[in-house]
Amino acid sequence: EPEVTQTPSHQVTQMGQEVILRCVPISNHLYFYWYRQILGQKVEFLVSFYNNEISEKSEIFDDQFSVERPDGSNFTLKIRSTKLEDSAMYFCASSEARDTGELFFGEGSRLTVL
Amino acid sequence: GNSVTQMEGPVTLSEEAFLTINCTYTATGYPSLFWYVQYPGEGLQLLLKATKADDKGSNKGFEATYRKETTSFHLEKGSVQVSDSAVYFCALNTNAGKSTFGDGTTLTVKP
């Protein structure tokens, strides 16, 4: 069964460092998303991406965040200068169509900022 | 804006007990509704969905019916198992690309 894969599964970084989280969405999907879940809290939308551009972003997704689809398979989330409060589980998701709403999630990348 | 309100947890049940996790929503337009499950140490998986009023989603013995009149999508299972222990998230999507999630409800089933 096709699945969304994410790397790394866990990354520990120092405050102020840049981090890149990588995702390989399901191959025939067209819509890509990043969500995050701070430990014990709700799943929060960060950004959606379609046709090589951001289609929507939340207020959390400020200038320190960026997304990119550098090739035909990867979808990356970059945090330029990490803060302690960026510590969370980051989930990549993809969907085949925008209006079905069904998201296929990866297993997440846990980011710990020290 | 859109929002999802879930029954607060944690919920602890004995094996074979009946489960209900309440979920209500507010949304503009006509949302699709979802339940996702997160097993310990894993990502979110779609459990079931309903795309229009009165639809019933079902999977693995879980059911939820899209009730437009009460703006609800309560999750039920007649007989829970230890393996159902997980966090359950209610979510909606209104054709805007992103999904809005509830806070999650932690279910623990004891043998």
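Shown above is the structure to which this text applies.
Note that this is a predicted model, so its numbers are computed, not measured.

Calculation rules
Residues numbered from 1 in each chain as written. Chains lettered and ligands numbered in written order. Predicted model: local features only at pLDDT ≥ 70, side-chain atom pairs only at ≥ 80, totals over all residues. Heavy atoms only, no water. Helix = DSSP H or I, 4+ residues; strand = E, 2+ residues; numbered from the N terminus. Rg over C-alpha atoms; globule rule 2.2 N^0.38 Å. Contact = heavy atoms within 4.5 Å. Areas by Shrake-Rupley, 256 points an atom, 1.4 Å probe, with all protein chains shown as cover. Lys, Arg positive; Asp, Glu negative; His and termini not counted. Charge placed at Lys NZ, Arg CZ, Asp CG, Glu CD. Salt bridge = Lys/Arg side-chain N within 4 Å of Asp/Glu carboxyl O. Pairing = 2+ DSSP bridges. Axes fitted to C-alpha atoms, helices over the stretch in contact; angles between N-to-C directions. Polar contact = N/O pair within 3.5 Å; in protein donor to acceptor, adjacent residues only side chain to side chain. Buried area = accessible area lost by both parts, 1.4 Å probe.

This part is about the overall build of chain A. Scanning chain A from terminus to terminus reveals zero helices and 11 strands. When the helices and strands of chain A are read in sequence order from the N terminus, they spell out β-β-β-β-β-β-β-β-β-β-β. Computed over the C-alpha atoms, the radius of gyration of chain A is 13 Å, within 12% of the 13 Å expected from 2.2 N^0.38 for a compact globule of 114 residues. Dimensions of chain A, computed from the C-alpha atoms along their principal axes, are close to 35 × 30 × 25 Å. Within chain A, residue pairs in contact and separated by at least 24 positions form 53% of the contacts whose partners lie at least 6 positions apart. With the model as given, the accessible surface of chain A reaches about 5,900 Å², and the carbon-plus-sulfur share is 45%. Looking at charge distribution, chain A has the averaged site of its 10 positive side-chain charges lying 6 Å from that of its 17 negative ones.

Bringing the pattern of salt bridges into the picture now. With the rule as written, the count across this model stands at seven salt bridges over all chains. Here K52 of chain B and D55 of chain B are joined by a salt bridge, their closest N and O atoms 3.4 Å apart.

Looking now at the sheet that holds strand β3 (residues 19-21) of chain B. All names here are of chain B. An order of β3-β9-β8-β7 is seen for the four strands of this open sheet, with the pairing classed as antiparallel. This sheet does not close on itself; its edge strands, each paired only once, are β3 and β7 (56-59). Shown here is a sheet whose adjacent strand axes are inclined to one another by a mean of 15 degrees, direction ignored. Both strand β8 (residues 62-65) and strand β9 (residues 75-77) contribute to a ladder of three bridges, which runs antiparallel.

With that settled, consider the side chain of Q38 of chain B. Topologically, Q38 of chain B is positioned in strand β5 (residues 32-38). Polar contacts involving the side chain of Q38 of chain B include one to the main-chain carbonyl oxygen of E42 of chain B, which spans 3.3 Å. Among all residues touching Q38 of chain B, those that are not within four sequence positions of it are Q37 and F91 of chain A together with G43, A86, V87 and F89 of chain B.

Our next topic: the interface of chain A and chain B. At the interface, 17 residues of chain A touch 19 residues of chain B. Of the roughly 1,700 Å² buried between chain A and chain B, counting both surfaces, carbon and sulfur atoms make up 50%. On the surface where chain A and chain B come into contact, there are three salt bridges. K42 of chain A serves as the salt-bridge partner of D103 of chain B, at 3.3 Å between the closest nitrogen and oxygen. For the pair chain A and chain B, the interface holds five residue pairs in polar contact (both at pLDDT 80 or more).

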